[in-house]
Amino acid sequence: MAVKNIMIVGVGGQGTLLTSRILGGLAIAGGYDVKLSEVHGMAQRGGSVVTFVRYGDKVAEPIVEEGQADVIIAFERLEALRYAHFLKKDGVLIVNDWRIDPMPVVIGAAQYPENILEELQKEYKVYKADATGESKKLGNPKVFNMIVLGIAAQHMDFTKEQWYEVIEKTVPPKTIEINRKAFEVGYSIAQ
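The notes below deal with the structure included here. Small disclaimer: the values here were computed from a predicted structure and weren't measured. (Residues numbered from 1 in each chain as written. Predicted model: local features only at pLDDT ≥ 70, side-chain atom pairs only at ≥ 80, totals over all residues. Heavy atoms only, no water.)

**Some remarks on the overall build of the protein chain**
And step 1. Scanning the protein chain for helices and strands turns up eight helices and six strands.
And step 2. When the helices and strands of the protein chain are listed from N to C terminus, the series reads β-α-β-β-β-α-β-α-α-β-α-α-α-α.
And step 3. In terms of overall dimensions, the protein chain is globule-like: its C-alpha atoms have a radius of gyration of 16 Å, near the 16 Å expected for 191 residues.
And step 4. The dimensions of the protein chain, computed from C-alpha atoms along their principal axes, are 50 × 40 × 30 Å.
And step 5. A burial count over the protein chain gives 48% of its 191 residues as buried. (Helix = DSSP H or I, 4+ residues; strand = E, 2+ residues; numbered from the N terminus. Rg over C-alpha atoms; globule rule 2.2 N^0.38 Å. Buried < 20%, exposed > 50% of the residue type's maximum accessible area, 1.4 Å probe, protein only.)

Written as structure tokens, this is what we have:
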């Protein structure tokens, strides 16, 4: 199998690292060679966090180059905009339709761009969801990343059962049930 390149982008505290561990575990369970790489901005202060997950028969290096990502999972609109140029021509961008103002916007030194998703849709194949709103309906806003992952699962090479197995091994035991529910919500949105 050719190498699949996945990028997960978000803001510190949104679960990008947990999500990359789930993807990495999934690829290992699938018998693939896997490379993970994490790039942190000011993660603890709501800065950009980017993780790369590459899997296939043989993966040489962990970094995804511009124009090479098969799937970009974005936990926030501005992060989707910031990293969309990493997507390959036929790649997909999965976006949590949510806004988190970065520090320059908070202090009034910059404006949050308008119509981000509409602009991205002109150039890329975009799947958007209000995962944050859906996770609040489930009673736990922290599981929005599993909803986004459920949507992304439709664009990868693993069965729903494989996803559940790895999610159960990766998330804290007392959160398995809510994470499964959240993944299911995302999976059904995508169909």
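**Quick look at the nonpolar core**
And step 1. One finds Ile6, Ile22, Leu23, Ile73, Met156 and Trp163 to be the most contacted residues of the largest nonpolar core, which totals 36 residues.
And step 2. Elements that contribute at least two residues to this core include exactly β1 (4–11), α1 (16–29), β3 (48–56), β4 (69–74), β5 (87–96), α6 (144–152), α7 (160–170) and α8 (176–190).
And step 3. Filtering out sequence-adjacent residues up to four positions away, isoleucine 73 remains in contact with Ile6, Met7, Ile8, Val9, Leu23, Ile94, Val148, Leu149, Ala152 and Met156.
And step 4. Membership of the second largest hydrophobic core comes to 23 residues, among which are Val50, Phe52, Ala80 and Leu87. (Core = buried A, V, L, I, M, F, W, Y, C linked by side-chain atoms within 4.5 Å. Contact = heavy atoms within 4.5 Å.)

**So, the pairing of β5**
And step 1. Of all 10 residues making up β5, seven are buried, and the element is well covered by its neighbours.
And step 2. Summarising the sheet, β4 and β5 pair through five bridges and their orientation is parallel. Its bridge partner lying in β5, alanine 74 is registered against valine 95.
And step 3. For the crossover that starts at β4, traverses helix α2 (residues 77–83) and ends in the parallel β5, the hand is right-handed.
And step 4. Pairing of β5 with strand β6 (residues 125–129) involves five bridges; the strand directions are parallel. Across the sheet, residue valine 95 finds its bridge partner in β6, namely lysine 128. (Pairing = 2+ DSSP bridges. Right-handed = clockwise from strand over helix to strand, strands pointing away.)

**Quick word on the side chain of arginine 54**
And step 1. Checked against the element boundaries, arginine 54 lands in strand β3.
And step 2. Here arginine 54 occupies a buried position and makes no salt bridge, while the nearest side chain of opposite charge, glutamate 61, is found at 5.1 Å.
And step 3. Within the structure, arginine 54 has its side chain in polar contact with the backbone oxygen of glutamate 61 (distance 2.6 Å).
And step 4. Excluding anything up to four places from it in sequence, arginine 54 contacts Val3, Lys4, Asn5, Asp33, Val34, Lys35, Val59, Glu61, Pro62, Ile63 and Val64. (Lys, Arg positive; Asp, Glu negative; His and termini not counted. Salt bridge = Lys/Arg side-chain N within 4 Å of Asp/Glu carboxyl O. Polar contact = N/O pair within 3.5 Å; in protein donor to acceptor, adjacent residues only side chain to side chain.)

**What to know about the pattern of salt bridges**
And step 1. Throughout the structure, instances matching the rule amount to 11 salt bridges.
And step 2. A salt bridge links arginine 77 to aspartate 97, with the nearest nitrogen and oxygen atoms 2.7 Å apart. Of this pair, arginine 77 sits in helix α2 while aspartate 97 sits in the loop between β5 and α3 (103–106); the two residues are 20 residues apart in sequence, bridging distant segments of the chain.
And step 3. In this structure, arginine 180 engages glutamate 168 in a salt bridge whose closest nitrogen and oxygen atoms are separated by 2.6 Å. One end of the pair, arginine 180, is in helix α8; the other, glutamate 168, is in helix α7, with 12 residues separating them in the sequence.
And step 4. The class of arginine 180 is partly exposed, set by a relative accessible area of 27%.
And step 5. Salt bridges here are not isolated pairs; linked through shared partners, they connect Asp33, Lys35 and Lys58.

**Quick notes on the environment of isoleucine 151**
And step 1. Relative to the helices and strands, isoleucine 151 is located in helix α6.
And step 2. Through-space distance from the C-alpha of isoleucine 151 to that of valine 95 is 9.4 Å; in sequence the pair is 56 residues apart.

**Here's the deal with the packing of α1 against α6**
And step 1. Contact geometry of α1 with α6 gives a least axis separation of 10 Å together with a crossing angle of 40°. With respect to α6, the element α1 is oriented oblique. Regarding α1 and α6, the two cross each other, and that crossing is right-handed. Packed against α1, whose contacting residues are Leu18, Thr19, Ile22 and Leu23, the element α6 presents Asn145, Met146 and Leu149 at the interface. (Axes fitted to C-alpha atoms, helices over the stretch in contact; angles between N-to-C directions. Parallel < 35°, antiparallel > 145°, perpendicular 65-115°, else oblique. Left-handed = near helix turned anticlockwise from the far one by under 90°.)

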